[in-house]
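# Structure at a glance
Listed below, chain by chain, are the residues.
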Amino acid sequence: MGGMAGNIRSHVGPCPTPRGDYLIAMELLELLWWAFMAVVKFVVTPSLMVARGMSWWLAWSTTSFGAVVGVWGIWHFGKWWFAWFEERLGPRVDRGKRTFTRRRRTIVRWKNAMGLSGLLALSGLISVPVATVLAAKYFRHQPGTMWKLMAAFSIWAALLSAGSEAVKYWTP
């Protein structure tokens with residue numbers, strides 16, 4: 001074995017070349033990029049990953065990882081940001097009555113009609129940040145809301161990844 005006596009990996013074979021380490025690092029960076037894209041554009045990311053040649057389970061796991069990290073980060077950052085905003089502007093009662101615009105009425109009507117279940121069902125069609133902010137704003141007092149949202153995004157990722165794999169398989 002010559003010069004590899006001190007190498008931890010000597011029992012597996014020769015030490016990887018710097019080029020091999022570079023390729024592993026590039027693959028890891030690519031997966032982290034896809035995970036980030038899952039936060040930004042969730043609905044298209046699994047399809048793009050499958051179209052790029054990745055397996056459906058890799059697309060699912062990477063997209064799920066990105067969405068879960070995104071939900072966790074946005075949820076906790078949002079709590080801090082809203083507390084900071086409240087501290088700077090003062091409590092809601094001190095700022096006067098809120099203007100009820102058409103957009104706010106629509107959001108409240110949707111929230112009352114569909115609830116958390118509706119948000120979870122639609123979460124894959126809207127972005128991770130929007131779904132997380134809506135869940136944190138309107139449903140944060142319901143137990144397990146953040147975990148349910150993470151699970152919903154994982155289910156959506158599985159459906160989108162498997163659907164993309166099926167389309168890839170059945171089309172010439």
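These lines cover the structure that appears in this document, whether it is placed above or below. (Residues numbered from 1 in each chain as written. Predicted model: local features only at pLDDT ≥ 70, side-chain atom pairs only at ≥ 80, totals over all residues. Heavy atoms only, no water.)

## Some points on the overall build of the chain
Heads up, the condition is: Helix and strand definitions follow DSSP, with helices as H or I runs of at least four residues and strands as E runs of at least two, each counted in order from the N terminus. Categorising residues by exposure relies on relative accessible area from a 1.4 Å probe, with only protein chains included: less than 20% of the type maximum marks a residue as buried, more than 50% marks it as exposed, and the intermediate range marks it as partly exposed.
When you go through the chain residue by residue, the secondary structure sums to six helices and zero strands. Put simply, the chain has 172 residues, and 29% of those count as buried.

## Let's talk about the nonpolar core
Keep this limit in mind: Each nonpolar core is a collection of buried residues, namely Ala, Val, Leu, Ile, Met, Phe, Trp, Tyr and Cys, held together in the definition by side-chain atoms within 4.5 Å. Two residues form a contact once any of their heavy atoms are found within 4.5 Å.
One finds F42, V71, L119, V128, L149 and F153 to be the most contacted residues of the largest nonpolar core, which totals 23 residues. Broken down by secondary-structure element, the contributors of at least two residues to this core are α1 (18-40), α3 (56-89), α4 (102-122), α5 (128-139) and α6 (145-170). It is α6 that contributes the most residues to this core, eight residues altogether. With sequence-adjacent residues up to four places away left out, L149 is seen in contact with V71, L120, S123, A131, T132 and A135.

## Focus on the packing of α4 against α5
Quick note on the threshold: Fitted lines through C-alpha atoms serve as axes, helices being fitted only where they are in contact, and the angles separating the N-to-C directions of these axes extend from 0 to 180 degrees. Should an angle fall under 35 degrees it is called roughly parallel, over 145 degrees roughly antiparallel, and 65 to 115 degrees roughly perpendicular, with every other angle called oblique. Gly is placed with the polar residues, together with every amino acid not listed as nonpolar (Ala, Val, Leu, Ile, Met, Phe, Trp, Tyr, Cys and Pro) or charged (Asp, Glu, Lys and Arg).
The geometry of α4 relative to α5 is characterised by a closest axis approach of 11 Å and an angle of 105° between their N-to-C directions. Relative to α5, the element α4 lies roughly perpendicular. For the pair α4 and α5, the contacting residues are I107, K111, G115, L116 and L119 in the first and A131, L134, A135, Y138 and F139 in the second. The residue makeup of the contact of α4 with α5, split by class, is eight nonpolar, one polar and one charged.

## Details of a positive patch on the surface
The following threshold applies: Here the term patch refers to residues with relative accessible area over 30% and no salt bridge, with like charges joined within 9 Å and nonpolar side chains (Val, Leu, Ile, Met, Phe, Trp, Tyr) within 5 Å. We get accessible surface area from the Shrake-Rupley algorithm with a probe of 1.4 Å; when it comes to residues, only the shown protein chains can shield them. Salt bridges are counted wherever a side-chain nitrogen of Lys or Arg sits within 4 Å of a carboxyl oxygen of Asp or Glu. For the purpose of counting charges, residues Lys and Arg are taken to be positive, whereas Asp and Glu are taken to be negative. His and the chain ends are not included. Where a charge lies is defined by one atom per residue type, namely NZ (Lys), CZ (Arg), CG (Asp) and CD (Glu).
A grouping of R98, R103, R104, K137 and R140 is seen on the molecular surface, where their side chains present a positively charged patch. One can find R140 in the loop between α5 and α6.

## Some details on the packing of α3 against α6
Note the cut-off: Left-handed is the label given to a crossing in which the near helix is rotated counterclockwise from the far helix by less than a right angle, and right-handed is the label when the rotation is clockwise.
For the pair α3 and α6, interaxial distance at closest approach is 8 Å and the crossing angle is 155°. Considered as vectors, α3 and α6 are oriented roughly antiparallel to each other. Relative to α6, the crossing made by α3 is right-handed. Residues W56, A59, W60, T63, S64, A67, V68, V71, W72, W75 and H76 of α3 pack against T145, M146, L149, M150, F153, S154, A157, A158, S161, A162 and E165 of α6. Each residue belonging to the contact of α3 with α6 can be placed in one class, and the counts come to 15 nonpolar, six polar and one charged.

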